[in-house]
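Summary of the model geometry
Okay, here's what each chain looks like letter by letter:
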Amino acid sequence: PEDTVTSSFASFIHAAQPQLLSQTVRQRSKRMILDSIGVGLVGSTTRVFDIALRYCRELYSSVAVSSVYGKPGVKLSPTLAAFTNGVATHSMDFDDTWHPATHPSGAVLPALLAASQMLPPNTKPTGLDFLLAFNVGLEVQGRLMHFSTEAHDIPKRFHPPSVVGTLGSAAATAKLLSLSSAQCCHALGIAASLAGAPMANAATQAKPLHVGNATRLGLEAALLAARGMEANPLILDDIPGCSGFSAFYGVYQPKPLSAAGQQHELLLEKQDIAFKRFPAHLGMHWVVDAALSVRNLFINYAGSFCPALIRSIMLKIPVSKYINRPFPSSEHQARHSFQFNACAALLDGEVGLGSFSESSIQRRELRELLDKVVVEHPEDNVANFDKMYGEVALLLHSGDVLTGKCDTFYGHWRKPLSKESLLKKFRSNASHVLPEEKVEAIIALVDDLESLSDSSQL
């Protein structure tokens, strides 16, 4: 079929050239790559990663050619390495977030890293090839989300990276493998049959599997298409009476993608990424900054932070059921709890890796603060990462009220992390599993990625 939405996407993937990457896009995407590697490395220290790695090593025999985050000398098949590294990337909910809401890097980068090592020595993609494929994967994810108004709000049904991330991974891998336009079309169709995971598994150990599966299954879709497997060539189109990709959204209005010439402006050019300062759901970053603000007011008021002076804690947050958790009992629940993150910030003056340990979660002082929390959902506070805010008010026994509010946290695309802050985060994460010289080597490789002759070195 000619002139369809699906064929336009396939043509874009096939025809995209490095000239498409402006300096802004190159810098933003390299920041994403560096951050995602760091998040994956520190994620390789988690229990859910260990489960995923043990599963892959024990249950599958494979040609082991692709590396695993944080495990020198361990190799897996490309698809299983992509899966395991995707799990690592999302194991702490520390990975980047876009708008409309998804985690774009974790669904694409592990597939490209694994595929780069899979290819024969004389066909290794360059760093520029790698960077282009990464951005193709981002673009496909972003465009698909813009087809639905539903996707602009915090999700309720499907976890977005399990949906758009799977097709983004397929598109990125198809580009890296130099598939034909027809093969790219089939890769998207195959990926659509492998996509989707319910939001009910948020705040559990199963949630990181969503990103692991997205990057793995997208890679598999591209490999299957390369070997001749076919799928519906209208998978992205809105065909009445026969759902394709529209099955994932209640409202779906697709539009063809413009040709990948120099006039095409990538979404990453217009919409930067949010990077997280601590490992928790993005919504938590608003309430933490609001809590830290009111904590400073309280210390100026009372001379120190004294919970006994607080009668109640009012949180004004958007309606979003899966991140409204009054008394979380596990690290994954705590990462998805407005109440926990606000109280941890109030009590400790910060939120970091250690905030989500079992001992931290079960502290008596923290539980006493959680008992004081009351939640309100103002009509103007919508569940949308571009429009929401967080407000924390302390109602004191004296009758005084102290309030902190955050409209844009540090790390949001409207207030991006500085280069220094991003490097500090990467060094902190990567140093959990790598020596300093290797940490600095990765920084240098990503910074000069366009000049790399063999991207598998990354």
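Going by what an unreviewed UniProt entry lists, the protein chain is known as Cis-aconitate decarboxylase and is assigned to Erpornis zantholeuca. Note on the protein chain: under the UniProt heading Sequence similarities (unreviewed entry), the record states "Belongs to the PrpD family." Under Subcellular location (unreviewed entry), UniProt gives the following word-for-word description of the protein chain: "Mitochondrion".

**Here's the deal with the overall build of the protein chain**
Within the protein chain one finds 17 helices and 6 strands. For a compact globule of 458 residues, the expected C-alpha radius of gyration is about 23 Å, and the protein chain comes in at 22 Å, within 12% of that figure. Principal-axis analysis of the C-alpha atoms places the extent of the protein chain at approximately 70 × 50 × 40 Å. Sequence-distant contacts, at least 24 apart, represent 77% of the contacts inside the protein chain between residues at least 6 apart. Across the protein chain, the mean location of the 40 positive side-chain charges is 3 Å away from that of the 42 negative side-chain charges.

**Quick notes on the environment of Q263**
Tracing the chain through its elements places Q263 in the loop between α9 (207-226) and α10 (267-270). Considering only alpha carbons, one finds Q263 and Q19, 244 residues apart in sequence, at a separation of 9.9 Å.

**A short note on helix α11 (residues 284-302)**
Residue pairs spaced three or four apart in an α-helix point in one direction, given the helix's 3.6 residues per turn. Along its 19 residues, α11 runs 26 Å from first to last C-alpha, staying within 8% of the 27 Å computed at 1.5 Å per residue. Regarding α11, the residues found buried are M284, H285, W286, V287, V288, D289, A290, A291, V294, R295 and F298. At its buried positions, α11 is contacted by β3 (310-316), α13 (338-348), β5 (390-396) and β6 (401-406). Remark: G303 follows α11 within two positions and exhibits a positive phi of approximately 95°.

**Brief notes about helix α4 (residues 78-90)**
Given a rise of 1.5 Å per residue, 13 residues ought to cover 18 Å, and the 18 Å separating the end C-alpha atoms of α4 matches this to within 8%. Counting buried positions along α4 yields 13 of 13 residues, so the element is predominantly enclosed.

**What about the side chain of Q141?**
Mapped onto the elements, Q141 comes out in helix α6 (residues 127-145). Taking the relative accessible area as the measure of exposure, Q141 reaches 0% and is therefore buried.

**Structural notes on unusual backbone geometry**
The step from H99 to P100 runs through a cis peptide bond, and the omega angle for that step is -5°. Positive phi outside glycine occurs at D93, with the angle close to 55°. Position of D93 relative to the elements: it lies in the loop between α4 and α5 (104-118).

**What to know about the layout of surface pockets**
Counted as a void, the largest pocket has a volume near 590 Å³. Around the largest pocket sit 28 residues that line it, and S67, V68, Y69, I442 and L458 are the ones nearest its centre. When contributions to the lining of the largest pocket are tallied by element, the ones reaching two or more residues are α2 (23-43), β1 (66-67), α4, α5 and α17 (436-447). Per element, the largest residue contribution to the lining of the largest pocket is 5 residues, and it comes from α5. Partitioned by chemical class, the residues of the lining of the largest pocket number 15 nonpolar, 10 polar and 3 charged. Roughly 270 Å³ of internal volume is contained in the second largest pocket.

**Observations concerning the UniProt feature "domain: MmgE/PrpD C-terminal" (unreviewed entry) in the protein chain**
According to UniProt, the "domain: MmgE/PrpD C-terminal" (unreviewed entry) feature falls on residues 278-450. With 40% helix and 14% strand, residues 278-450 has end C-alpha atoms that lie 30 Å from one another.

Reading guide: rules and limits
- Residues numbered from 1 in each chain as written.
- Predicted model: local features only at pLDDT ≥ 70, side-chain atom pairs only at ≥ 80, totals over all residues.
- Heavy atoms only, no water.
- UniProt positions renumbered as here; feature names shortened; annotations may be inferred.
- Helix = DSSP H or I, 4+ residues; strand = E, 2+ residues; numbered from the N terminus.
- Rg over C-alpha atoms; globule rule 2.2 N^0.38 Å.
- Contact = heavy atoms within 4.5 Å.
- Lys, Arg positive; Asp, Glu negative; His and termini not counted.
- Charge placed at Lys NZ, Arg CZ, Asp CG, Glu CD.
- Expected span 1.5 Å × (residues − 1).
- Buried < 20%, exposed > 50% of the residue type's maximum accessible area, 1.4 Å probe, protein only.
- 1 Å grid on protein atoms, 1.4 Å probe; cavity = no way out; pocket = protein on both sides within 12 Å on 5 of 7 lines; lining within 4 Å.
- Points joined across faces, edges and corners; volume = space filled by probe spheres on them.
- Nonpolar A, V, L, I, M, F, W, Y, C, P; charged D, E, K, R; others polar.

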